[in-house]
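Residues per chain, in single letters:
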Amino acid sequence: CPHCHILVVEGTSSSFADLAATEDTAARLGAQVISNSYGAPESGFTQAYARHYRQPGHTIVVSSGDFGFGPANFPASLATVTAVGGTELSRAHDTRGWRETVWDTSDAAAGASGCSAWVPKPPWQHDPHCPMRTVADVAAVAAGVPVYDQNAGGWLTVGGTSVAAPLIAGIYGLAGNAATIPPGYLYRHAASLFDVTAGGNVLRFGHQVVGNVCGGDYLCRAKPGYDAPTGLGTPDGTGAF
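Predicted, not measured: the structure shown is a model, and the values here were computed from it.

Draft legend 1. Main features of the nonpolar core. Counting residues in hydrophobic clusters, the biggest one holds 32 residues, and the most contacted among them are Val61, Val84, Val138, Ile168, Tyr172, Leu186 and Phe241. For this core, the elements supplying multiple residues, two or more each, are β10 (138-141) and α3 (161-175). If sequence neighbours within four positions are ignored, Ile168 has contacts with Val61, Val84, Val138, Ala139, Ala140, Pro235 and Phe241. Of all hydrophobic cores here, the second largest spans 22 residues; its members include Leu19, Ala20, Tyr38 and Val135.

Draft legend 2. The arrangement of the pairing of strand β1 (residues 33-36) in detail. Side chains Ile34 and Asn36 project from β1 onto a buried face, and the interleaved Val33 and Ser35 project onto a face without burial. Here β1 runs beside strand β3 (residues 59-63); their pairing, made up of four bridges, is parallel. Bridge assignment links Val33 to a residue of β3, and that residue is Thr59.

Draft legend 3. Structural view of the environment of Thr197. Tracing the backbone through its elements, the reader meets Thr197 in the loop between β13 (193-194) and β14 (204-205). Setting aside residues up to four positions removed in sequence, Thr197 forms contacts with Ala222, Lys223 and Pro224.

Draft legend 4. Spotlight on the state of the cysteines. On inspection of all chains with the given rule, the structure shows three disulfides. Here Cys214 connects covalently by a disulfide to Cys220, the sulfurs 1.9 Å from one another. Taking the sign of the S-S torsion, about -90 degrees here, the bridge from Cys214 to Cys220 comes out left-handed. No difference in accessibility class separates Cys214 from Cys220, as the two residues are buried. Disulfide partners in the chain, listed by the sequence order of the bonded cysteines, are 1-2, 3-4, 5-6.

Draft legend 5. The arrangement of the layout of surface pockets in detail. Reported here for the largest pocket is a volume of approximately 1,100 Å³. Along its surface, the largest pocket is lined by 36 residues, and Ile6, Leu7, Val33, Ser35 and Ala169 are the ones closest to its centre. Listed by contribution, the elements that provide at least two residues to the lining of the largest pocket are α1 (16-28), β1, β11 (145-149) and α3. Take the lining of the largest pocket: its biggest share by element is 10 residues, from α3. His58, Thr80, Ile181, Pro182 and Pro183 are the residues nearest the centre of the second largest pocket, which is lined by 24 residues in total.

Draft legend 6. Quick look at the side chain of Ser113. Relative to the helices and strands, Ser113 is located in strand β8 (residues 110-120). Separated by 2.6 Å, the side chain of Ser113 and the backbone oxygen of Leu219 make a polar contact. Setting aside residues no more than four positions away along its own chain, Ser113 makes contact with Gly68, Phe69, Gly70, Val135, Asn201, Leu219, Cys220, Ala228 and Pro229.

Draft legend 7. Main features of α1. Taking 1.5 Å of rise per residue, 13 residues should cover 18 Å, and α1 covers 19 Å from first to last C-alpha, within 8% of that figure. Considered for burial, the residues of α1 that qualify are Phe16, Leu19, Ala20, Thr22, Glu23, Ala26 and Ala27. Taken around the axis of α1, the buried residues stretch over an arc of 145 degrees, which confines them to a single face. Summarising the contacts, the buried residues of α1 are in contact with β1, β2 (40-41), α2 (44-47), β3 and β5 (73-74).

Draft legend 8. How the structure looks around the sheet that holds β8. Overall, mixed pairing links the three strands, which are arranged β4-β8-β9 in an open sheet. On the outer flanks of this sheet lie β4 (67-69) and β9 (132-135), each paired with one strand and no other. The sheet shows a mean angle of 35 degrees between the axes of neighbouring strands, taken without regard to direction. In the sheet, β8 pairs with β9 via three bridges, with the strands oriented antiparallel. Within β9, the position partnered with Cys115 by the bridge is Thr134.

The rules behind these values
Residues numbered from 1 in each chain as written. Predicted model: local features only at pLDDT ≥ 70, side-chain atom pairs only at ≥ 80, totals over all residues. Heavy atoms only, no water. Core = buried A, V, L, I, M, F, W, Y, C linked by side-chain atoms within 4.5 Å. Buried < 20%, exposed > 50% of the residue type's maximum accessible area, 1.4 Å probe, protein only. Helix = DSSP H or I, 4+ residues; strand = E, 2+ residues; numbered from the N terminus. Contact = heavy atoms within 4.5 Å. Pairing = 2+ DSSP bridges. Disulfide = S-S within 2.5 Å. 1 Å grid on protein atoms, 1.4 Å probe; cavity = no way out; pocket = protein on both sides within 12 Å on 5 of 7 lines; lining within 4 Å. Points joined across faces, edges and corners; volume = space filled by probe spheres on them. Polar contact = N/O pair within 3.5 Å; in protein donor to acceptor, adjacent residues only side chain to side chain. Expected span 1.5 Å × (residues − 1). Arc of directions from axis to C-beta. Axes fitted to C-alpha atoms, helices over the stretch in contact; angles between N-to-C directions.

What follows is the structure, given as structure tokens:
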């Protein structure tokens with residue numbers, strides 16, 4: 001989002017208490033979109049900080065995680081945030097020019113998805129196999145992304161949903177609606193997203209499965225329409241935001 005004003009808020013430490021406090025600070029300082037690239041498996045301990053990720057008048061974006069299908073991660077599992085999964089791109093001979101699949105490096109890293117054990121199903125989600133909140137909502141490219149960092153010597157190639165989340169935050173910034181739209185707004189505008197229909201996020205190392213198995217269900221595999229690894233899809237302009 002080249003025309004956005006970017007504010008960096010740092011926690012005193014990486015504890016969830018300090019990270020949660022950064023949400024309050026970012027909102028207080030006027031950030032319309034708050035981007036978070038961290039998480040941990042949800043628990044009663046993490047849920048104690050849920051209120052910090054409920055900031056009316058601000059859109060909060062969170063990476064889904066990088067370890068494939070399994071227990072949902074906090075704070076991505078909260079119904080007050082937009083949870084972001086990951087995709088990877090390859091060239092295609094079609095109108096768009098790109099083919100997009102679930103991000104899965106096949107070496108114990110893949111975009112995370114899961115069914116919350118703590119957060120009730122929000123009214124805007126209707127997928128059938130998770131009675132609670134399903135992660136994720138939307139996705140963005142999470143592999144082979146170039147980033148310029150002068151302190152690190154110049155151009156770097158990075159990946160993970162920690163990259164996808166700020167990309168989605170930037171789209172919210174470009175759309176200019178982040179201070180007024182409610183959680184779940186995306187679900188009313190799925191037609192403005194590229195539907196990702198290929199790939200899965202069950203962790204493998206080589207050909208050996210090392211993660212949780214979900215039997216090819218939409219909770220771990222892309223399909224037409226909503227699926228947990230990529231949510232409703234990836235941005236096609238700003239119409240869904």
